[in-house]
Amino acid sequence: MLLRPSLMKNSPVTNKCITLNRTLIMLFIYFILYNIFRTYYMPPKVYDLPSVSFIFFSDPNLLDMIIVTGGCFYIHSVASRFYALNDAWRHLPLGLVEIPGEWTKSEITMSLECLRLLHADLCKIIKVFSLGYGMIMLGYFTFSFVGLLMYTYLYFAVGYKDISDTSFASIIPWCLPLIVRYCQYCIFYMSIVVNASYTNEKKREIISYLRACRISSLAIHTKLQIKFFMVQMSEFKSNEISAYGIFNINLHLVISNLILLFYGLITLIQMKDGPFISSLTKAVMKHFTQQYNDIENNTNS
């Protein structure tokens, strides 16, 4: 069953997709130029697998960029289809009332059924994404959060002791890598959250159109389609963008992440003298110090 051509009009979603594609292209250009300049000014001594892996999987992380761009592209594509579906509903006759010469009762009923089936298919696509790509998103959110937490802890709880000059001019260059990491984390994190929230919002938008219908004056088959649509919305209410069903990806996740970050930092600082945290800190610092010395030796040579 196909929608009427009058319901399938061009929407501003196309411009949004073009903007998204341009953003992704600029992001990859930034990554390539960043690594070219870093390789030029800090060339590795030997171009072996560990050296190349360090170049491509250090900040800005190529794997993170691929995960984020792939997830944002897919989520935004689903949001665009929900937008088109809502736009098609807005082009239905006002009040779903028959208009002689333009809309008949059967055409309105068939259009409603088509929109309902399309909405159900899109909700199933969201579930497939949450179960498939959601596992990757769960790993990304978990490991990036743990990495940021440990990176911040090592910076302020351990690395701050090595600073002799505590002036503002000396602190800013010292904090610059941490600021860059936070900026990258916020941009990637918010890109996924904003797109997921936008998709969930467009998914629920059609509920307002359904509730605005006065079904008492509608034809019997149109009433049935409205009732089927309402039942379908309640069944697919839980189908939202999520990380493998562990947690939903929406704006509430930002607050939860900030709270966990602060609590985690406070807990690590309070337990830094404990045997486990102390040994873990020494092992991590030894690893990073060795990596830094290797890079410095390769650069000087």
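Residues numbered from 1 in each chain as written. Predicted model: local features only at pLDDT ≥ 70, side-chain atom pairs only at ≥ 80, totals over all residues. Heavy atoms only, no water.

Novice: I'm lost on the overall build of the protein chain in this one. Help?
Specialist: Helix and strand content of the protein chain: 8 helices and 0 strands. Taking all 301 residues of the protein chain together, 38% fall into the buried category. A separation of at least 24 residues holds for 80% of the contacts in the protein chain among residues at least 6 apart in sequence. Accessible surface computed for the protein chain: about 18200 Å², of which carbon and sulfur atoms make up 67%. (Helix = DSSP H or I, 4+ residues; strand = E, 2+ residues; numbered from the N terminus. Buried < 20%, exposed > 50% of the residue type's maximum accessible area, 1.4 Å probe, protein only. Contact = heavy atoms within 4.5 Å. Areas by Shrake-Rupley, 256 points an atom, 1.4 Å probe, with all protein chains shown as cover.)

Novice: In this structure, what is going on with the environment of Pro177? I would like to understand it.
Specialist: Along the chain, Pro177 falls in helix α5 (residues 168-211). For the pair Pro177 and Tyr155, spaced 22 residues apart in sequence, the C-alpha separation works out to 9.9 Å. Among residues more than four places away in sequence, those in contact with Pro177 are Tyr151 and Tyr155.

Novice: What exactly am I supposed to notice about helix α7 (residues 252-270) here?
Specialist: Note that an α-helix has 3.6 residues per turn; residues three or four places apart therefore point the same way. Helix length check: α7, at 19 residues, gives a terminal C-alpha distance of 27 Å against a target of 27 Å (1.5 Å per residue), a fit within 8%. For α7, the full list of buried residues reads Leu253, Val254, Asn257, Leu261, Gly264, Leu265 and Leu268. Across the axial projection of α7, the buried residues extend over an arc of 105 degrees, all falling on one side. Across from the buried face of α7, at angles greater than 90 degrees, the exposed residues are His252, Ile255, Phe262, Tyr263 and Gln270. (Expected span 1.5 Å × (residues − 1). Arc of directions from axis to C-beta.)

Novice: Can you help me understand the UniProt feature "transmembrane region" (unreviewed entry) in the protein chain in this one?
Specialist: Per the UniProt annotation, the sites labelled "transmembrane region" (unreviewed entry) are residues 20-42, 62-84, 128-151, 171-194 and 246-269. The span residues 62-84 carries 100% helix and 0% strand; its end-to-end C-alpha distance comes to 33 Å. Secondary structure content for residues 128-151 is 100% helix and 0% strand, and the end C-alpha separation is 34 Å. (UniProt positions renumbered as here; feature names shortened; annotations may be inferred.)

Novice: Would you mind going over the nonpolar core with me for this structure?
Specialist: Across soluble globular proteins, you tend to see nonpolar side chains buried next to one another. Residues Trp89, Leu96, Phe141, Ile192, Ile226 and Ile249 are the most contacted members of the largest nonpolar core, which totals 56 residues. Elements that contribute at least two residues to this core include exactly α3 (62-90), α4 (105-158), α5, α6 (220-235), α7 and α8 (275-300). The biggest single contributor to this core is α4, with 17 residues. Apart from residues no more than four positions distant in its own chain, Ile226 is found in contact with Trp89, Leu96, Leu112, Leu210, Cys213, Ile215 and Leu218. (Core = buried A, V, L, I, M, F, W, Y, C linked by side-chain atoms within 4.5 Å.)

Novice: Where do I start with the pattern of salt bridges in this structure?
Specialist: Two side chains of opposite charge can pair, provided their charged atoms sit close to one another. Within this structure, the stated rule accounts for 4 salt bridges. Between Glu240 and Arg204 there is a salt bridge whose closest N-O contact spans 2.8 Å. Linking Glu240 in the loop between α6 and α7 with Arg204 in helix α5, this pair joins segments that are 36 residues apart in sequence. Look at Arg204 and you get partly exposed, because its relative accessible area is 41%. Among the charged side chains, a network of salt bridges with common partners joins Asp87, Arg90, Lys202 and Glu205. (Salt bridge = Lys/Arg side-chain N within 4 Å of Asp/Glu carboxyl O.)

Novice: Looking at this model, I keep getting lost on a nonpolar patch on the surface. Mind explaining?
Specialist: Together, Ile25, Ile29, Ile32, Leu33, Ile36 and Phe37 make up a nonpolar patch on the protein surface, roughly 580 Å² of accessible area in all. Structurally, Phe37 is set in helix α1 (residues 13-41). (Patch = residues over 30% accessible without salt bridge, like charges linked within 9 Å, V, L, I, M, F, W, Y side chains within 5 Å.)

Novice: Could you clarify how one ought to interpret the packing of aromatic side chains in this entry?
Specialist: Overall, the coordinates contain 8 aromatic pairs when judged by the stated rule. Their ring planes at 85 degrees and their centres at 5.2 Å tell us that Phe141 and Tyr189 sit as a pair that is edge-to-face. Of the two residues, Phe141 is situated in helix α4 and Tyr189 in helix α5; the sequence distance between them amounts to 48 residues. For Arg90, the ring lying beneath its charged end belongs to Tyr83, and the centroid distance is 5.8 Å. The side chain of Arg181 reaches across the aromatic face of Tyr151, ending 3.9 Å from its centre. (Phe/Tyr/Trp six-rings, centres within 6.5 Å; stacked < 30°, edge-to-face > 60°. Lys NZ or Arg CZ within 6 Å of the ring centre and 35° of its normal.)

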